[in-house]
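Spelled out, the chains give:
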Amino acid sequence: MRYWILTTEYPPFYGGGISTYCKFTAEMLSSKGHQVSVFVPDYTVSDISDEIINGVRIIRFLPQKTKANQFLGYSAQLSYEFAEVVKRYLAQEGAPNVLESQEYGGIAYYVQQFKWLGYPLFRELNIVITCHAPGFICLEYNQVPIYQFPEYWTGQMEKASMASADLLIAPSRYFVSEAKKRMPWGNIQEVYLANPMQLEDGFPEEAPDFIPQQIVCFGKLAPLKGTFELLRYFEKLWNEGYTNQLSIEG
């Protein structure tokens, strides 16, 4: 099977949750004998860089080839650039069995639009959208005004991308319940599939050493991650005489 992945992040160029997901997914599929290609924008290349890393073809492209940035905002322009590089490879290699994309940023918006409009090359695509953390939900949790420009329109692209998917994959039912509060669900048929994770040496046989009465929280320091809620909980506990320490690493 030929499997293409569209992403804004892929190691070692980028970190983050989407990057980690794409690495595990791509290498897992490759290990099963599938031909996997990952498309990721990169402003350090002059045109397109094509290389194999751990059995996965990584296609890095400069997202400035169409000059769409002269009349489109960043998210729309990036999505259009994805569509153009996908078109280039469709012309060279034909359609893959599956094309997967994140919903974040609406990067597959134009690829999906061209598919449903019946454009040559695009109309044969089978498009899977995997949910991670769309801005129209995350920004609200981070207390960012979601109706301002350009966040509102990026959110509309994300919603359209989810609604236009041939298959929508969600990591949890909670995510879908939150999305349904903010967009029409209609005929969307979601599938719940946990994010993959490869452990090199399996689980440790014994728990690592720890310091009693000290609690450490690792994570991004943002309202979205529950940082303020955590502090409110501990404030209540400390006011009631709780003496354990809390350390936050972010």
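Here goes a summary of the coordinates provided. (Residues numbered from 1 in each chain as written. Predicted model: local features only at pLDDT ≥ 70, side-chain atom pairs only at ≥ 80, totals over all residues. Heavy atoms only, no water.)

Details of the side chain of Ser-30
Point 1. Relative to the helices and strands, Ser-30 is located in helix H1 (residues 17–31).
Point 2. One polar contact links the side chain of Ser-30 to the main-chain carbonyl oxygen of Gly-55, over a distance of 3.1 Å.
Point 3. Look past the residues within four positions of Ser-30 in its chain and what remains in contact with it is Val-36, Asn-54, Gly-55 and Val-56. (Helix = DSSP H or I, 4+ residues; strand = E, 2+ residues; numbered from the N terminus. Polar contact = N/O pair within 3.5 Å; in protein donor to acceptor, adjacent residues only side chain to side chain. Contact = heavy atoms within 4.5 Å.)

Things to note about helix H7 (residues 227–239)
Point 1. Relative to the 18 Å expected for 13 residues at 1.5 Å per residue, H7 spans 18 Å between its end C-alpha atoms, a close match to the ideal helical length.
Point 2. A positive phi of about 100 degrees marks Gly-241, the residue just after H7. (Expected span 1.5 Å × (residues − 1).)

Overview of a nonpolar patch on the surface
Point 1. A surface patch of nonpolar side chains, about 280 Å² in accessible area, is lined by Tyr-141, Tyr-174 and Leu-224.
Point 2. Structurally, Tyr-174 can be placed in helix H6 (residues 173–180).
Point 3. A relative accessible area of 51% means that Tyr-174 is categorised as exposed. (Patch = residues over 30% accessible without salt bridge, like charges linked within 9 Å, V, L, I, M, F, W, Y side chains within 5 Å. Areas by Shrake-Rupley, 256 points an atom, 1.4 Å probe, with all protein chains shown as cover. Salt bridge = Lys/Arg side-chain N within 4 Å of Asp/Glu carboxyl O. Buried < 20%, exposed > 50% of the residue type's maximum accessible area, 1.4 Å probe, protein only.)

Describing unusual backbone geometry
Point 1. A cis amide bond links Pro-11 to the next residue, Pro-12, at an omega of 0 degrees.
Point 2. Among the secondary structure elements, Pro-12 is positioned in the loop between strand S1 (2–6) and H1.
Point 3. Across the junction of Phe-149 and Pro-150, the peptide omega takes the value 5 degrees, indicating a cis bond.
Point 4. On the secondary structure map, Pro-150 appears in the loop between helix H4 (135–141) and helix H5 (151–163).
Point 5. We note that Asn-54 has phi near 55 degrees; this positive angle belongs to a residue other than glycine.
Point 6. Along the chain, Asn-54 turns up in the loop between strand S3 (48–53) and strand S4 (56–61).

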